[in-house]
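Per-entry structural report
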Amino acid sequence: MSYSFPPPDDHNERTDPEQPRLVALTVPRPWAVYTLLGLIVAMYLLTTLLNLLLGTGGLFQPHLLVLLLLGAKDNSLIDGGQYWRLLTAMFLHGNLIHIFFNSFALYALGPECERIYGTRRFLVLYFLAGLGGSVASYLMSPNPSVGASGAIFGLIGGLGMFFYLSRAALGEFGQAQVQSMGAIAGINLIIGFSAPGIIDNWGHMGGLVVGALVGAALAPRISVDQRFFPPMLSRTYPPWGTTATVAIGGTLVLLALLFSGA
């Protein structure tokens, strides 16, 4: 991803030299988001097919046995060594409403997040946040659970940290985005607390916290580049070999310690 710097023209010459000038970004198609959406939908169709074949549940209401068969988070099974359930649960959903809202949230937030972070960093953020949500759910909730919402809350945390770290360069827009991400997270957490036993809010909070921590390490930094006239906004990424690697490794170690100490 790179910035495109157009040649100066009469309009640019009249630009206030004290104000940074926004320039167009050349970004790839956010293929990772659409791949994740495709996997989520495919898994839901598979649960529906198994429901029909096994004669369990309703047409759009997967039976718990089917969800457990495909990898739902279940504490007793995880205790038995099936640790992969901490990740596979992210691709399963409990009913049509559940998958609709999670898919819509991923469609609404994912492309922006992938364009900002880049595909590799986006995938790291998504899966670590989803893992963090599953670990928090394992530690705090004995009930089986499924859903991509922990990872999606991680995207909210990641976007919030990006706009927070870049708020000086982005001005009022950056500050408004930070408030917007905070409001989205707050409203959804309140909804979760209003439906205990139905919505796994521990998974949401775990994903949000891990997403914010990982996002703070991986988010690109936006700054005003004074080498150009008028000044322009530039974007730099933390190098993989230092801060990003330490943050990713530290997050995995922390989650492992929490999990092993349960």
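Residues numbered from 1 in each chain as written. Predicted model: local features only at pLDDT ≥ 70, side-chain atom pairs only at ≥ 80, totals over all residues. Heavy atoms only, no water.

Side note on the overall build of the protein chain
Which entries qualify depends on this criterion: Think of it this way: any DSSP run of H or I at least four residues long counts as a helix, any run of E at least two long counts as a strand, and we number them from the N terminus. Here's how the labels work: a residue is buried when its accessible area is under 20% of the maximum for its type, exposed when over 50%, partly exposed in between, all with a 1.4 Å probe on protein chains only. Values of accessible area rely on a 1.4 Å probe in the Shrake-Rupley scheme; residue burial ignores everything except the protein chains shown.
From N to C terminus, the protein chain includes 11 helices and four strands. Within the protein chain, the fraction of its 262 residues that count as buried is 46%. Carbon and sulfur atoms form 68% of the exposed surface of the protein chain, whose accessible area is close to 13,300 Å².

Some words on the packing of aromatic side chains
Under the convention used in this document: For Phe, Tyr and Trp, where Trp contributes only its six-membered ring, two rings pair if their centres lie within 6.5 Å, and the inter-plane angle classes them as stacked under 30 degrees, edge-to-face over 60, or tilted in between. Here, over-ring charges are defined by two tests on the NZ atom of lysine or the CZ atom of arginine: distance to the ring centre within 6 Å, and angle to the ring normal within 35 degrees.
Inspection of the entire model under this criterion finds seven aromatic pairs. Ring centres of Phe162 and Phe163 lie 4.9 Å apart, and the angle between their planes is 65°; on these two criteria the pair is classed as edge-to-face. Among the aromatic residues, those joined into a cluster by ring pairs are Phe91, Phe122, Tyr126 and Phe127. Its guanidinium or amino end placed over the ring of Tyr164, Arg167 lies 3.9 Å from that ring's centre, counting from NZ or CZ.

With respect to the nonpolar core
Formally: Grouping buried Ala, Val, Leu, Ile, Met, Phe, Trp, Tyr and Cys residues that are joined through side-chain atoms within 4.5 Å yields what is termed a nonpolar core.
The biggest cluster of nonpolar side chains holds 45 residues, and the ones touching the most others in it are Leu106, Tyr117, Phe122, Tyr126 and Phe162. Ranked by residue count, the leading element in this core is helix α8 (residues 149-165), at eight residues. With eight residues, the next largest nonpolar core counts Leu50, Val66, Leu67 and Leu68 among its residues.

Thoughts on helix α7 (residues 119-140)
Test applied: Expected span, for any helix, means 1.5 Å times one less than how many residues it has.
The end-to-end C-alpha distance of α7 is 31 Å, a good match for the 32 Å that 22 residues give at a rise of 1.5 Å each. Burial analysis of α7 places 16 of its 22 residues in the buried class, which makes it a mostly covered element.

With respect to the environment of Met140
Here Met140 shows up in helix α7. Accessibility expressed as a relative area gives 45% for Met140, which makes it partly exposed. Counting along the chain gives 62 residues from Met140 to Trp202, while the straight-line C-alpha distance between them is 6.6 Å.

Describing helix α9 (residues 167-193)
For an α-helix, 3.6 residues make a turn, and residues three or four places apart therefore share a direction. Selection criterion: By definition, a residue's bend is the angle between the axes fitted to the seven residues ending there and the seven starting there.
For α9, spanning 27 residues, the distance from its first C-alpha to its last is only 30 Å, which falls clearly below the expected 39 Å at 1.5 Å a residue. A maximum bend of about 75° is found in α9 at Phe173. Buried within α9 we find Ala169, Leu170, Gly174, Gln177, Met181, Ala185, Leu189 and Gly192.

Brief notes about the side chain of Gln177
Within the element layout of this structure, Gln177 appears in helix α9. Among the residues examined, Gln177 registers a relative accessible area of 17% and is labelled buried.

Section: the confidence of the model for the protein chain
Atomic detail in the predicted coordinates should be set aside for any region of low pLDDT. Put simply, the rule reads: What pLDDT conveys is the predictor's confidence in a given residue, as a value from 0 to 100. The criterion used for residue contact is that any of the two residues' heavy atoms lie within 4.5 Å.
When pLDDT is averaged along the protein chain, the result is 82, and 82% of the positions lie at 70 or above. Considering only residues more than four positions removed or in separate chains, one finds that residues 1-18, a stretch of pLDDT under 50, has 35 contacts.

Notes on a nonpolar patch on the surface
For clarity, the cut-off: Residues enter patches when they are more than 30% accessible in relative terms and free of salt bridges; like-charged ones are connected within 9 Å and nonpolar ones (Val, Leu, Ile, Met, Phe, Trp, Tyr) within 5 Å. Salt bridge, as applied in this entry: a Lys or Arg side-chain nitrogen positioned within 4 Å of an Asp or Glu carboxyl oxygen.
Taken together, Leu139, Met140, Trp202, Leu254 and Leu258 make up a surface patch of nonpolar side chains, about 440 Å² in accessible area. Listed by contribution, the elements that provide at least two residues to the nonpolar patch are α7 and α11 (240-260). In this structure, Trp202 sits in helix α10 (residues 201-218). Accessibility expressed as a relative area gives 38% for Trp202, which makes it partly exposed.

Details of the packing of α8 against α9
Note the cut-off: Structural elements are reduced to axes, namely lines fitted to C-alpha atoms, with helices fitted over the stretch in contact, and the angle between N-to-C directions of any two is expressed from 0 to 180 degrees. By definition in this entry, angles of less than 35 degrees are roughly parallel, angles greater than 145 are roughly antiparallel, angles of 65 to 115 are roughly perpendicular, and the rest are oblique. Note: crossing handedness is left-handed where the near helix turns anticlockwise from the far helix by less than a right angle, and right-handed where it turns clockwise. Polar here means any residue outside two lists: the nonpolar Ala, Val, Leu, Ile, Met, Phe, Trp, Tyr, Cys and Pro, and the charged Asp, Glu, Lys and Arg; Gly therefore counts as polar.
α9 packs onto α8 with a crossing angle of 155° between their chain directions and a minimal axis gap of 7 Å. If you check the angle between α8 and α9, you find them roughly antiparallel. Judged by the twist between their axes, the crossing of α8 over α9 is left-handed. Counting all contacts with α8, which are made through Phe153, Ile156, Leu159, Gly160, Phe162, Phe163, Tyr164 and Leu165, the residues of α9 involved are Arg167, Leu170, Phe173, Gly174, Gln177, Val178, Met181, Ile184, Ala185, Asn188 and Leu189. The residue makeup of the contact of α8 with α9, split by class, is 14 nonpolar, four polar and one charged.

Regarding the environment of Ile199
In this fold, Ile199 is placed in the loop between α9 and α10. A residue is classified by how much of its surface remains accessible, and Ile199, at 30% relative accessible area, is partly exposed. Sequence separation between Ile199 and Gly147 is 52 residues, and the spatial gap between their C-alpha atoms is 10.0 Å. Not counting the four nearest positions on each side in its chain, Ile199 is found in contact with Ile191, Gly192 and His204.

Digging into the packing of α9 against α10
Between α9 and α10, the shortest axis-to-axis distance is 9 Å and the interhelical angle comes to 155°. When the axis of α9 is compared with that of α10, the two are roughly antiparallel. Seen along the crossing, α9 lies across α10 with a hand that is left-handed. Residue-level contacts link Ala185, Asn188, Leu189, Gly192 and Phe193 of α9 to Asn201, His204, Met205 and Leu208 of α10.

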